[in-house]
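In case you want the letters, here they are:
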Amino acid sequence: MAHWLYKSEPGAWSWEQQKAAGEKGTEWTGVRNYLARNNMRAMQIGDKGFFYHSNDGLEIVGIVEVCALSHPDSTAKGDDRWDCVDIRAVMDVPKPVTLKDIKANEKLSKMSLVTSMRLSVQPVTDDEWAEVCRMGGFDNPPR
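In this report, the structure presented in the accompanying data block is examined. Values in this document were obtained by computation on a predicted structure and should not be read as measured data.

Some thoughts on the side chain of Asp83
Now for step 1: Structurally, Asp83 is set in strand 5 (residues 83-98).
Now for step 2: Overall, the relative accessible area of 11% leaves Asp83 in the buried class.
Now for step 3: Engagement of the side chain of Asp83 in a polar contact is seen with the side chain of Arg41, the distance being 2.8 Å.
Now for step 4: Polar side-chain contacts of Asp83 include one of 3.2 Å to the side chain of Ser70.

Put into C-alpha cells, the structure is as follows:
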C-alpha cells in the first residue's frame, strides 16, 4: 500500500463535503499538473491518503482511501491528458496536524508538503505517514 496527500481549499471542497459523499466517494477532479496526475495513475484501490485543507486552515484533517482507479477526469471536457481517482473519507484525524507543526518536525523536513508546496496530489513515505498519524493522535494508525 502506498500513501498520499490530497490538497483542497475548504471553500472549494471541504473535508465535511468529502465525508458527506459517503461510501461511494467522489472523483478527485480538476488536477492539471502532470506530476500530480502521474501520482494518481500510480494509485491502487485501498491506498490511504491525508486530506489537507490548503490556503484556509493549512492542516491535515482527515484520512481518505482510493476507491476507484485512475480514469478520465470528467471535468477535462474531452482532453484525455487528465485523469483522476475516486476517494472516500475513512476517518477524521483526532487532532488536526498543522503545516506549522509539520515544518517544525525534523522527521518531516523532506516531506513533499514541505518541499513541493504547490503539488496538489503528493506521495507520502511510510515513515512520514506514521509520524503524521502519531502527531494527529492516532493510537493505531490506519495502514
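Details of the environment of Trp82
Now for step 1: Its place among the elements puts Trp82 in the loop between strand 4 (59-72) and strand 5.
Now for step 2: As a C-alpha pair, Trp82 and Trp129 span 47 residues in sequence and 27 Å in three-dimensional space.
Now for step 3: Sequence-distant contacts of Trp82, defined by excluding residues within four places in its chain, comprise Val31, Arg32, Asn33, Tyr34, Arg37, His71, Pro72, Asp73 and Ala76.
Now for step 4: Here the side chain of Trp82 touches Asp79 through a polar contact of 3.4 Å, side chain to side chain.

Comments concerning the pattern of salt bridges
Now for step 1: Per the stated rule, a full pass over the model turns up ten salt bridges.
Now for step 2: The shortest N-O distance in the salt bridge between Lys19 and Asp92 comes to 3.0 Å. Of the two residues, Lys19 sits in helix 1 (residues 15-20) while Asp92 sits in strand 5, which places them 73 residues apart along the sequence.
Now for step 3: By relative accessible area, Lys19 is classed as partly exposed at 31%.
Now for step 4: As a salt-bridge pair, Glu65 and Lys48 come within 3.0 Å of each other at their nearest N and O atoms. One end of the pair, Glu65, is in strand 4; the other, Lys48, is in strand 3 (residues 48-53), and 17 residues separate them in sequence.
Now for step 5: Salt bridges linked by common partners bring Glu23, Lys48, Glu65 and Arg88 together as one network.

Details of helix 5 (residues 126-135)
Now for step 1: Along helix 5, the residues classified as buried are Glu128, Trp129, Glu131, Val132, Cys133 and Met135.
Now for step 2: Buried residues along helix 5 sit in contact with strand 1 (3-8), strand 3, strand 4, strand 5, helix 3 (99-104) and strand 6 (121-124).
Now for step 3: In the segment just after helix 5, Gly137 is the residue with positive phi, at about 90°.

Describing the sheet that holds strand 4
Now for step 1: With mixed pairing, the six strands of this open sheet are ordered in space as 2-5-4-3-1-6. In the strand order of this sheet, the two ends are held by strand 2 (26-27) and strand 6, each with one partner.
Now for step 2: For strand 1 and strand 3, the ladder comprises six bridges, and the chain directions are parallel. Within strand 3, the residue paired with Leu5 across the bridge is Phe50.
Now for step 3: Where helix 5 meets the sheet, its contacts fall on strand 1, strand 3, strand 4, strand 5 and strand 6, and the angle it forms with strand 3 comes to roughly 55°.

Topic: the state of the cysteines
Now for step 1: Enumeration according to the criterion identifies zero disulfides in this entry.
Now for step 2: Its sulfur unpaired, Cys67 is 11 Å from the next cysteine sulfur, which belongs to Cys84.
Now for step 3: Of all cysteine sulfurs, the one in Cys67 lies closest to Cys133, which takes part in no disulfide; the gap is 19 Å.

Calculation notes
- Residues numbered from 1 in each chain as written.
- Predicted model: local features only at pLDDT ≥ 70, side-chain atom pairs only at ≥ 80, totals over all residues.
- Heavy atoms only, no water.
- Helix = DSSP H or I, 4+ residues; strand = E, 2+ residues; numbered from the N terminus.
- Buried < 20%, exposed > 50% of the residue type's maximum accessible area, 1.4 Å probe, protein only.
- Polar contact = N/O pair within 3.5 Å; in protein donor to acceptor, adjacent residues only side chain to side chain.
- Contact = heavy atoms within 4.5 Å.
- Salt bridge = Lys/Arg side-chain N within 4 Å of Asp/Glu carboxyl O.
- Pairing = 2+ DSSP bridges.
- Axes fitted to C-alpha atoms, helices over the stretch in contact; angles between N-to-C directions.
- Disulfide = S-S within 2.5 Å.

So yeah, pure geometry; function would need other evidence.
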